[in-house]
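# Architecture and fold: a report
Now for the letters of each chain:
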Amino acid sequence: MTTAPIADRSTLVAARATELSKIYGQGETQVVALDRVSIDFRQAELTAIMGPSGSGKSTLMHCVAGLDTFSSGSVRIGETELGSLKDKQLTKLRRDKIGFIFQAFNLLPTLTALENITLPMDIAGRKPDKQWVDSVIQMVGLSGRLGHRPAQLSGGQQQRVAVARALASRPEIIFGDEPTGNLDSRSGAEVLGFLRNSVRELGQTVVMVTHDPVAAAYADRVVFLADGRIVDEVYGPTADSVLDRMKRFDAKGRTS
Ligand SMILES: Nc1ncnc2c1ncn2[C@@H]1O[C@H](COP(=O)(O)OP(=O)(O)OP(=O)(O)O)[C@@H](O)[C@H]1O
Ligand SMILES: [Mg+2]
């Protein structure tokens, strides 16, 4: 008799860190930036990472995104273990499977908005899926600005170009390090709305670092870091519940 295969839970995981540690320096100057962090980022979920300055948020994101090396533990993107990859393979994986949105928009000033959006695929020698790219451009509301260079766009519009660029190649996962940190609240709300729509409507997986409880409330789940460890998790956050949790950090110390 054969048993039906049990659905593999791991297929729902876009990225996973297991016992991930990152230690900078040695001896007296040693800093444990990440202390055996284990976390799953599930597909089609928007996760916000919060925590005090220096708690390891950027380090976690950079290690999981293959932008930085780690000291021990393991990371996988989809089914691929990052530790098993050579430099070239890692570069390819970052290019093909991961999208990035940084606080500083990182657009090339000499290229138009549209050229910036398709640049990663142009570099990879991949033909953009025109229909898809069009729908992404429409979603972020850039149709009338495609021929403009970054200097001719507002901050919010530039960040929307960066969001469209991250979405355009349909990566398995998008990482944003304070993607709305440089935007006024209205532009920030727009960009967060697009990110959430990309999760709801397109099944995109997004992980973002933020300091802002209002931004975190757009997420499906908020993960709190303190001193390089995960200390709490909130599902279905509201700005108030996130703020409440942050206050408890302050009142009871960083690892309450
Ligand atoms: N290149 C480095 N060399 C030594 N220590 C580092 C280095 N980069 C980061 N750190 C340390 O690792 C810890 C985690 O840093 P990280 O940048 O991940 O913090 P963060 O949570 O993103 O903070 P912020 O909210 O200020 O951006 C900090 O104590 C920091 O000083
Ligand atoms: Mg940081």
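That block above? That's the structure.
Quick notes on the rules
- Residues numbered from 1 in each chain as written.
- Chains lettered and ligands numbered in written order.
- Predicted model: local features only at pLDDT ≥ 70, side-chain atom pairs only at ≥ 80, totals over all residues.
- Heavy atoms only, no water.
- Axes fitted to C-alpha atoms, helices over the stretch in contact; angles between N-to-C directions.
- Helix = DSSP H or I, 4+ residues; strand = E, 2+ residues; numbered from the N terminus.
- Parallel < 35°, antiparallel > 145°, perpendicular 65-115°, else oblique.
- Left-handed = near helix turned anticlockwise from the far one by under 90°.
- Contact = heavy atoms within 4.5 Å.
- Buried < 20%, exposed > 50% of the residue type's maximum accessible area, 1.4 Å probe, protein only.
- Polar contact = N/O pair within 3.5 Å; in protein donor to acceptor, adjacent residues only side chain to side chain.
- Phe/Tyr/Trp six-rings, centres within 6.5 Å; stacked < 30°, edge-to-face > 60°.
- Lys NZ or Arg CZ within 6 Å of the ring centre and 35° of its normal.
- 1 Å grid on protein atoms, 1.4 Å probe; cavity = no way out; pocket = protein on both sides within 12 Å on 5 of 7 lines; lining within 4 Å.
- Points joined across faces, edges and corners; volume = space filled by probe spheres on them.
- Nonpolar A, V, L, I, M, F, W, Y, C, P; charged D, E, K, R; others polar.
- Pairing = 2+ DSSP bridges.
- Salt bridge = Lys/Arg side-chain N within 4 Å of Asp/Glu carboxyl O.
- Near = heavy atom within 4 Å.
- Areas by Shrake-Rupley, 256 points an atom, 1.4 Å probe, with all protein chains shown as cover.

In helix packing, the relevant descriptors are the interaxial angle and the interaxial distance, both defined with respect to the helix axes. Running from N to C, helix H5 (residues 155-168) and helix H6 (residues 185-202) cross one another at 15°; their axes reach a closest spacing of 9 Å. Judged on the interaxial angle alone, H6 and H5 are roughly parallel. The two elements H5 and H6 cross, and the hand of that crossing is right-handed. Contacts from Gly156, Gln159, Arg160, Val163 and Leu167 of H5 reach H6 at Ser187, Glu190, Val191, Phe194, Leu195 and Ser198.

A few words now on the side chain of Arg16. Here Arg16 is to be found in strand E1 (residues 13-24). With a relative accessible area of 18%, Arg16 lands in the buried category. Among the polar contacts made by the side chain of Arg16, one reaches the side chain of Asp40 at a distance of 2.7 Å.

What follows deals with the packing of aromatic side chains. For the coordinates displayed, the defined rule picks out one aromatic pair. Relative to Phe102, the ring of Phe100 lies with its centre 5.8 Å away and its plane at 10°, an arrangement referred to as stacked. We note Arg170 situated over the ring of Trp132; from NZ or CZ to the ring centre the distance is 3.5 Å. Geometry around Phe224 places Arg245 over its ring, the cationic atom sitting 5.8 Å from the centre.

A separate point is the layout of surface pockets. Looking at the largest pocket, its volume works out to about 430 Å³. Lining the largest pocket are 15 residues; nearest its centre among them are Arg95, Ile98, Phe100, Pro120 and Arg165. Of all the secondary-structure elements, those providing two or more residues to the lining of the largest pocket are helix H2 (87-97), strand E6 (98-101), helix H3 (113-124) and H5. Split into classes, the residues belonging to the lining of the largest pocket amount to eight nonpolar, four polar and three charged.

All right, on to the pairing of strand E7 (residues 173-177) then. By the criterion of burial, E7 is predominantly enclosed, with five of the five residues buried. Alternating positions in E7 separate into two faces, Ile173, Phe175 and Asp177 on one and Ile174 and Gly176 on the other, with burial throughout. Inspection of the sheet shows E6 paired to E7 by four bridges, in the parallel sense. Paired with Gly99 across the bridge in E7 is Ile174. The pairing of E7 with strand E8 (residues 206-209) spans four bridges and is parallel. Residue pairing across strands places Phe175 opposite Val207, the latter belonging to E8.

Per the counting criterion, the structure on display carries 17 salt bridges. Note that Arg95 is salt-bridged to Asp96, the shortest N-O span being 3.7 Å. You can call Arg95 partly exposed: its relative accessible area is 33%. Asp232 is paired through a salt bridge with Arg245; the nearest N and O atoms lie 2.4 Å apart. In this pair, Asp232 is assigned in strand E10 (residues 229-235) and Arg245 in helix H8 (residues 239-252), connecting sequence segments 13 residues apart. Salt bridges sharing partners connect three or more residues here, namely Arg42, Glu45, Arg221 and Glu233.

What follows is about the sheet that holds strand E3 (residues 46-50). Hydrogen bonds along the backbone pair up the strands of a sheet, which may run parallel or antiparallel. A sheet is described by the order of its strands in space; here six strands give the open sequence E6-E7-E8-E3-E9-E10, paired in mixed fashion. Each end of this open sheet is capped by a strand with a single partner; those strands are E6 and E10. Direction aside, the axes of adjacent strands within the sheet are offset by 20° on average. Two strands pair when backbone bridges link them, and E3 and strand E9 (residues 221-226) are joined in this way by four bridges, in the parallel orientation. Note on E9: the bridge partner recorded for Met50 is Phe224. Packing against the sheet, helix H1 (residues 57-64) makes contact with E3, E7, E8 and E9, and its axis sits at approximately 155° to E7. The sheet strands contacting H5 are E6 and E7, and the helix crosses E6 at an angle near 175°.

Our next topic: the site of ligand 1. Around ligand 1 sit Tyr24, Val31, Ala33, Pro52, Ser53, Gly54, Ser55, Gly56, Lys57, Ser58, Thr59 and His211, and those are all the residues in its vicinity. The contact in question runs from an oxygen atom of ligand 1 to an N or O atom on the backbone of Ser55, over 3.2 Å. With respect to ligand 1, the side chain of Ser58 contributes an N or O atom lying 2.9 Å from an oxygen atom. For ligand 1, the accessible surface in isolation is 640 Å², of which the surrounding protein chains cover 59%. When contributions to the shell around ligand 1 are tallied by element, the ones reaching two or more residues are strand E2 (31-42) and H1.

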